[in-house]
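# Structural features, examined
Given next are the chains, with one letter for each unit.
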Amino acid sequence: EPEVTQTPSHQVTQMGQEVILRCVPISNHLYFYWYRQILGQKVEFLVSFYNNEISEKSEIFDDQFSVERPDGSNFTLKIRSTKLEDSAMYFCASSEWSGAVNTEAFFGQGTRLTVV
Amino acid sequence: DAKTTQPNSMESNEEEPVHLPCNHSTISGTDYIHWYRQLPSQGPEYVIHGLTSNVNNRMASLAIAEDRKSSTLILHRATLRDAAVYYCIRGGTSYGKLTFGQGTILTVHP
């Protein structure tokens, strides 16, 4: 069964450093997403990406965040200067069509980011 | 604002049916109702979705009220592996954004 894969599974970084979280979505999917979940809290939407551009983003997704699909297969989330409050589990997801309308989104297992 | 209301927690015994309720009284006519679940230490997992008619798949059934203001996710025979947080989500934007609430923590007892 196809799956969304994320690397690394756990990333520890120092405050102020840049991190790149990587995701390989399911190959025929067209919509890509990043969500995050701070420990003990709910899953929060960060950004959606379609046709090589951001289609929607949340208030959390400020100038410190960026996304890219550099080579047609990988989908990355970059945090330019990490803060302690960026510590969370980050989930990548993809869907064949718009997930809010009539299809399912497939989520990866997540990258646990710890900022120290 | 998730715009759905679910009980914080529910309990079930193994091999018994489980009915997980969700209220979405302000749902619009074109919003799908999606259910996802999150097993411990894993990413969310799609369970089922529907618009107006009741839906069945290999994992569960979704019963949607005639006025669409509420729905019920039915797990026909709960297993220990079904212990998870279950999220009821209204579809809302065309780009696929899912708005997760706190969900219902389902505990399954052996």
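Here, every reference points to the structure presented above.
## Let's talk about the pattern of salt bridges
Taken as a whole and assessed by the stated rule, the structure comprises five salt bridges over all chains. In this structure, R36(A) and E44(A) form a salt bridge, with 3.1 Å as the shortest nitrogen-oxygen distance. D31(B) is paired through a salt bridge with R90(B); the nearest N and O atoms lie 2.9 Å apart. Here the residue D31(B) occupies a position in the loop between β2 (18–23) and β3 (33–38), and R90(B) occupies one in strand β8 (residues 84–90), the gap between them amounting to 59 residues. Each member of the pair, D31(B) together with R90(B), is buried. Linked by salt bridges that have partners in common, R37(B), E45(B) and D82(B) make up one network.

## A word on the sheet that holds strand β5 (residues 55–56) of chain B
The strands making up a sheet are joined through hydrogen bonds of the backbone, oriented either antiparallel or parallel. Residue and element names in this part refer to chain B. Spatially, four strands are ordered β2-β7-β6-β5 in an open sheet, and the strand pairing comes out antiparallel. If you trace the sheet from one side to the other, it starts and ends with β2 and β5, each paired once. Summarising the sheet, β5 and strand β6 (residues 61–64) pair through two bridges and their orientation is antiparallel. The residue bridging N56 from the neighbouring strand is S61, located in β6.

## Topic: the side chain of T82(A)
Mapped onto the fold, T82(A) is located in the loop between β8 (75–79) and β9 (88–95). Polar side-chain contacts of T82(A) include one of 2.9 Å to the backbone oxygen of Q17(A).

## Concerning a nonpolar patch on the surface
On the surface, L30(A), Y50(A), W97(A) and Y95(B) cluster together into a nonpolar patch covering about 400 Å² of accessible area. Looking at the secondary structure, you find Y50(A) in strand β5 (residues 44–50).

Parameters at a glance
Residues numbered from 1 in each chain as written. Chains lettered and ligands numbered in written order. Predicted model: local features only at pLDDT ≥ 70, side-chain atom pairs only at ≥ 80, totals over all residues. Heavy atoms only, no water. Salt bridge = Lys/Arg side-chain N within 4 Å of Asp/Glu carboxyl O. Helix = DSSP H or I, 4+ residues; strand = E, 2+ residues; numbered from the N terminus. Buried < 20%, exposed > 50% of the residue type's maximum accessible area, 1.4 Å probe, protein only. Pairing = 2+ DSSP bridges. Polar contact = N/O pair within 3.5 Å; in protein donor to acceptor, adjacent residues only side chain to side chain. Patch = residues over 30% accessible without salt bridge, like charges linked within 9 Å, V, L, I, M, F, W, Y side chains within 5 Å. Areas by Shrake-Rupley, 256 points an atom, 1.4 Å probe, with all protein chains shown as cover.

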